Amino acid sequence: MGDDNVVSRLGSLKALLGIVAGAGALYGVYKLVFSRAGDVNTKKSAKNLIVQPGSLMAKVSGFKVVCKSDNLDPDTESNDIHSKSAGSLEPRHLSMLLSLLQSSPNPEERRNVLVTLGNAAAFTVNQDLLREFGGLHIIASFLSDPSPEIRVQTLNALNNLSMNICNQEQLKIYVPSVMQMIETSPVNSDLQLAALRLLTNLSVTDNHQHLMKNSITLLLSLLIVSNDVLQIQVLKVLVNLSSNPDLMDDIVQAQAPASLILLFDGCTSTSVLLRLLFFVGNLHAWRPSAQVAEVLRRRQDSLYCVLLDSSSQLHHKLPLLLSHPDEEVKMQVARLLT
């Protein structure tokens, strides 16, 4: 491919977006092209267009890099090519990315835009700007995209945006959609993991925890069939929810698989086991009245019967964990037994 073709490719905003999404530190390339986008009749000859072997640009793109020594216009901020990061995106760039996300018919391009927005959303200033630009709902609209990868990147972007309390007020309406995605997605998939990470952020405070109370059974079931990584994420949500006394009635009445008790074993990952013990510790803090306890005992598949009732096998499993090699596990077990 000749130099003119390379410059033409560099003149295309959409072609460069993949570089921006893949490497925030190379955002300056994007800014360079954006600042010249209006001059459609200008073509500069490029010289010495080379990529240093092993460089970041060589790894993330097939494009060659316009070197600093090239004959660029004086107003071109060539130093930004290697210095800008996702945190340095200006408001106009965020607005442009949102517009491109809505208008692009190319799934790969939309994915790249979402990656870029997700990286930018790790910064508080961008979290606020994206909310003010209406970006939260624009991004969330791709939760129903037919491409699983686009849905994953949508969830990742929303996850970063949800670290902002003000953003959570807008994102809470998507909790049912996220729950449905967890239920219908393949077990241990990236979709499930990304969705659970978003729910973890949304359940840190008790403001929106009630939106998840009808999904306790789903979360408990996932503990049985998922891998360690997903189990940890499920338990983060359950620990958050069980820290809210107002939700405890819903939690203990939820249907729970009897095999849940099998996880309280020395063969279970220590990280998973610790979070299980934290969860049970929160449950133990709840004290039902005698009347409520009697009603719950009639439901043999309730979480109360599986983990809390005097007939629960957990009372036999916990003492065995006192010999666990991890000191924190033993400490948490001792607390539960006292």
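The model shown is predicted, which means the values in this text are computed figures rather than measured ones.

## Quick notes on the packing of helix α15 (residues 228-242) against helix α17 (residues 270-284)
- Running from N to C, α15 and α17 point in directions that differ by 20 degrees, and their axes come no closer than 9 Å. Relative to α17, the element α15 lies roughly parallel. At the point where α15 passes α17, the crossing takes the left-handed sense. Contacts from Asp228, Gln231, Ile232, Leu235, Lys236, Leu238, Val239 and Ser242 in α15 reach Ser271, Val272, Arg275, Leu276, Phe278, Phe279, Asn282 and Leu283 in α17.
- Residues belonging to the contact of α15 with α17 are distributed by class as follows: nine nonpolar, four polar and three charged.

## Comments concerning unusual backbone geometry
- Of note, the phi angle at Asn188 is positive, near 70 degrees, even though the residue is not glycine.
- One can find Asn188 in the loop between α12 (175-184) and α13 (190-202).
- The class of Asn188 is partly exposed, set by a relative accessible area of 33%.

## Topic: helix α8 (residues 124-132)
- Within the span of α8, buried status applies to Asn126, Gln127, Leu129, Leu130 and Arg131.
- Contacts from the buried residues of α8 go to α6 (91-103), α7 (107-120), α9 (135-140), α10 (148-161) and α11 (165-171).

## With respect to the side chain of Asn167
- Mapped onto the secondary structure, Asn167 falls in helix α11.
- Only 2.8 Å separates the side chain of Asn167 from the side chain of Arg131, close enough to count as a polar contact.
- Residues within four places of Asn167 in sequence aside, it is in contact with Gln127, Arg131, Leu136 and Leu161.

What counts as what
Residues numbered from 1 in each chain as written. Predicted model: local features only at pLDDT ≥ 70, side-chain atom pairs only at ≥ 80, totals over all residues. Heavy atoms only, no water. Axes fitted to C-alpha atoms, helices over the stretch in contact; angles between N-to-C directions. Helix = DSSP H or I, 4+ residues; strand = E, 2+ residues; numbered from the N terminus. Parallel < 35°, antiparallel > 145°, perpendicular 65-115°, else oblique. Left-handed = near helix turned anticlockwise from the far one by under 90°. Contact = heavy atoms within 4.5 Å. Nonpolar A, V, L, I, M, F, W, Y, C, P; charged D, E, K, R; others polar. Buried < 20%, exposed > 50% of the residue type's maximum accessible area, 1.4 Å probe, protein only. Polar contact = N/O pair within 3.5 Å; in protein donor to acceptor, adjacent residues only side chain to side chain.

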